[in-house]
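# Examination of the molecular architecture
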Amino acid sequence: MNPLAEKIISQEEKYSGFLPRLELIYKTMDDQYNELSRYYGFCCTGCDDNCCFTRFYHHTFAEYLYIKKGLETLDPENRKEIKEKAFSICRQTSELDQSGLQVHLLCPLNYGGMCVLYAYRPMICRLHGLPHELVLPGREKRLSPGCDEFESQCGTKGYVEFDRTPFYASMAELERDIKKALDISERIKMTVAEMLTTL
Ligand code: SF4
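Structural notes, computed from the coordinates. These numbers come from a predicted model, not from an experiment. (Residues numbered from 1 in each chain as written. Predicted model: local features only at pLDDT ≥ 70, side-chain atom pairs only at ≥ 80, totals over all residues. Heavy atoms only, no water.)

## Concerning the site of the ligand
For the ligand, the full set of nearby residues is Cys52, Cys107, Leu109, Asn110, Cys115, Pro122 and Cys125. When grouped by side-chain class, the residues that make up the shell around the ligand number six nonpolar, one polar and no charged. (Near = heavy atom within 4 Å. Nonpolar A, V, L, I, M, F, W, Y, C, P; charged D, E, K, R; others polar.)

Below is the structure:
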């Protein structure tokens, strides 16, 4: 096992108390997202350019540990199959990268268009799709459009503020506290597939 993953996972008594904080942050995101989706009349029913094909990187141990928690709710056979898929995807990704080809591989948690760990999915999976704004420290406010499906369904509706900044700030604060409790200074940048290969 990856030594850093081992160090983190072995300290469950230190990190488990932080996960309810993550759940609250996720709930706030989901509530706002759902409210705005209702306003726009946006309904994600899956599309050819499914965002679960996107190589999203995740940047917090909090999200990593929550995926771990979700994985533990599955039966051992499912877990084994998902991990095998994750290893295969990481292998294919590396081959495509080496050949300079585009990576368009489905997340190993997606089965038949559905996320098997939907309640445990990371932040970006929760926020993707709707137009939004973000202010990073020392930078100008950045406005970003919705996904292609959003634009085709609801692109003519006026923008309503969806500011990701407070979510990023809460996640950063939580991450700082978790790292302090676990006594780690490393940073994490992993896809879900990469996370799964270490769990
Ligand atoms: S974690 Fe779930 S929602 Fe996120 S990319 Fe994977 S399958 Fe899709």
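## A few points about the packing of aromatic side chains
Across all of its chains, the model carries seven aromatic pairs by this definition. On the numbers, 5.7 Å between centres and 55° between planes, the contact of Tyr26 with Tyr66 is tilted. Of the two residues, Tyr26 is situated in helix H3 (residues 19–40) and Tyr66 in helix H4 (residues 61–71); the sequence distance between them amounts to 40 residues. Across the pair, Tyr66 and Tyr26 agree in class, each one buried. Ring centres of Tyr39 and Tyr40 lie 4.8 Å apart, and the angle between their planes is 65°; on these two criteria the pair is classed as edge-to-face. A relative accessible area of 36% places Tyr39 in the partly exposed class. Over the aromatic face of Tyr111 sits the side chain of Lys85, whose NZ or CZ is 3.6 Å from the ring centroid. Above the plane of the ring of Tyr26 lies Arg126, whose end atom (NZ or CZ) is 3.7 Å from the centre. (Phe/Tyr/Trp six-rings, centres within 6.5 Å; stacked < 30°, edge-to-face > 60°. Helix = DSSP H or I, 4+ residues; strand = E, 2+ residues; numbered from the N terminus. Buried < 20%, exposed > 50% of the residue type's maximum accessible area, 1.4 Å probe, protein only. Lys NZ or Arg CZ within 6 Å of the ring centre and 35° of its normal.)

## Re the packing of H4 against helix H8 (residues 165–182)
Two numbers describe how H4 lies on H8: the axes approach to 8 Å, and their chain directions differ by 80°. With respect to their mutual orientation, H4 and H8 come out roughly perpendicular. For the pair formed by H4 and H8, the contact residues are Phe61, Ala62, Glu63 and Leu65 on the first element and Met171, Leu174, Glu175, Ile178 and Lys179 on the second. In terms of residue class, the contact of H4 with H8 is built from six nonpolar, no polar and three charged. (Axes fitted to C-alpha atoms, helices over the stretch in contact; angles between N-to-C directions. Parallel < 35°, antiparallel > 145°, perpendicular 65-115°, else oblique. Contact = heavy atoms within 4.5 Å.)

## Observations concerning the side chain of His58
Mapped onto the elements, His58 comes out in the loop between H3 and H4. Beyond its immediate stretch of four places on either side in the chain, His58 contacts Glu63, Pro122, Ile124, Cys125, Ile188, Lys189, Met190, Thr191, Val192 and Met195.

## What to know about the environment of Lys68
Mapping Lys68 onto the fold places it in helix H4. For Lys68, a relative accessible area of 9% puts it in the buried group. Linking Lys68 and Leu182, residues 114 residues apart in sequence, is a C-alpha distance of 16 Å. At 2.5 Å, the side chain of Lys68 and the side chain of Glu72 are in polar contact. (Polar contact = N/O pair within 3.5 Å; in protein donor to acceptor, adjacent residues only side chain to side chain.)

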